[in-house]
Amino acid sequence: MADSVTARTPKRSLKTRAPKQSLGKRILQYKYFYLMVLPVLIWYALFSYAPMYGVTLAFKSFDYSKGILGSPWIGLENFQTLLTDPDFRRAFWNTVIISLMKLITHFPMPIILAIVLYEFSRTKMKRFFQTILTFPHFISWVVLSGIIINILSKDGIYNQIIMLFGGDPNSPLVDESAFRPVLYITHVWREIGWDSIIYLAALAGINPELFEAAEVDGANRFRRLLNIAWPGLKSTVAVLLILQVGQLLTQGSSFEQIFNLYSSPVYSVADTIDTYIYRTSFTIGGDFGYMTAVGVVKSIISLILLWAANSFAKKMGEEGLY
């Protein structure tokens, strides 16, 4: 009898919950972890959240002598001017088209590259190709643009080959119909290797015994990719798609790339919101209130796109970002 009582005692102790600690005690207990996070929090507070006060400029007529606080409020006048400005509308649609086309042409490419490297390359060859394809990411757009301009200029290799076959020299960088494809191709070339790393990491996390078992059962490469590799990649693809859609109007239009490659003959197809703000602010001399209103509109559209992409991912059965 006594033995049975002592045997039940440990089971009861397992069900007993530890008392909850207060937030202050938990912070003290993990104080070194919080100290490690503190510099990051300070950085975001100083450089991401504190400057958001400048958003009030969108509702003011900025006066240099009075500063942000003293400048008079003008309500939505900057937004009304913005919506009737043909240059802004052109820059807005250029940004949307270039960003969407970059998403369509670029987003699937790192996934395909990762699958090809994972399936068809041996370890040494995979590292070699991965290094070669990742290298352009570490070269700035200033340097890359210089190389591209030298190749595609009227005296460059591109036109020399065309003239060799009897064609007329023409630089794609000053041709409205050819400038955007140049943007898409050079963007894929620079980023495909770097973006494929995370997909290769996701593929490496899949148990290789699943592939071996499928191979023993007679599944070909396509079946293994469809039934084993793709389910393992799907959640990673959903998260990265949401992040890229959220940054579509900023990183998608890539100010550095376009600013270093474009010129006045292709403004009609290449001038995006970021380059428009830069030209207006520093070249022509613009109104800071108006420029801030442009930035606010761009942020609101990015927020809507992020929410739509997250909702779409949830409807597809993925967890989403929030």
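Here, every reference points to the structure presented above.
Residues numbered from 1 in each chain as written. Predicted model: local features only at pLDDT ≥ 70, side-chain atom pairs only at ≥ 80, totals over all residues. Heavy atoms only, no water.

## Describing helix 7 (residues 108-120)
Here is step 1 of the chain: Taking 1.5 Å of rise per residue, the 13 residues of helix 7 would be expected to cover 18 Å, and the 18 Å separating its terminal C-alpha atoms lies within 8% of that figure.
Here is step 2 of the chain: Within helix 7, burial applies to Pro110, Ile111, Leu113, Ala114, Ile115, Leu117 and Glu119. (Helix = DSSP H or I, 4+ residues; strand = E, 2+ residues; numbered from the N terminus. Expected span 1.5 Å × (residues − 1). Buried < 20%, exposed > 50% of the residue type's maximum accessible area, 1.4 Å probe, protein only.)

## Some words on the packing of helix 6 (residues 86-106) against helix 11 (residues 176-204)
Here is step 1 of the chain: Remark: helix 6 packs on helix 11, axes separated minimally by 10 Å, with the N-to-C direction vectors making an angle of 45 degrees. Regarding the angle of helix 6 to helix 11, the classification is oblique. Crossing geometry of helix 6 relative to helix 11 is assigned as right-handed. In this structure, helix 6 uses Asn94, Ile97, Ile98, Met101, Lys102, Thr105 and His106 to contact helix 11, whose residues at the interface are Arg180, Leu183, Tyr184, His187, Val188, Glu191, Ile192 and Asp195. (Axes fitted to C-alpha atoms, helices over the stretch in contact; angles between N-to-C directions. Parallel < 35°, antiparallel > 145°, perpendicular 65-115°, else oblique. Left-handed = near helix turned anticlockwise from the far one by under 90°. Contact = heavy atoms within 4.5 Å.)

## Points about the pattern of salt bridges
Here is step 1 of the chain: Counting across every chain of the model gives four salt bridges.
Here is step 2 of the chain: With a shortest N-O distance of 2.5 Å, Arg190 and Glu191 are connected by a salt bridge. Here the two residues Arg190 and Glu191 agree in accessibility, since each one is buried.
Here is step 3 of the chain: A salt bridge links Asp274 to Lys298; its shortest N-O distance comes to 2.5 Å. (Salt bridge = Lys/Arg side-chain N within 4 Å of Asp/Glu carboxyl O.)

Everything listed here is a matter of coordinates, which is why it stays silent on function.
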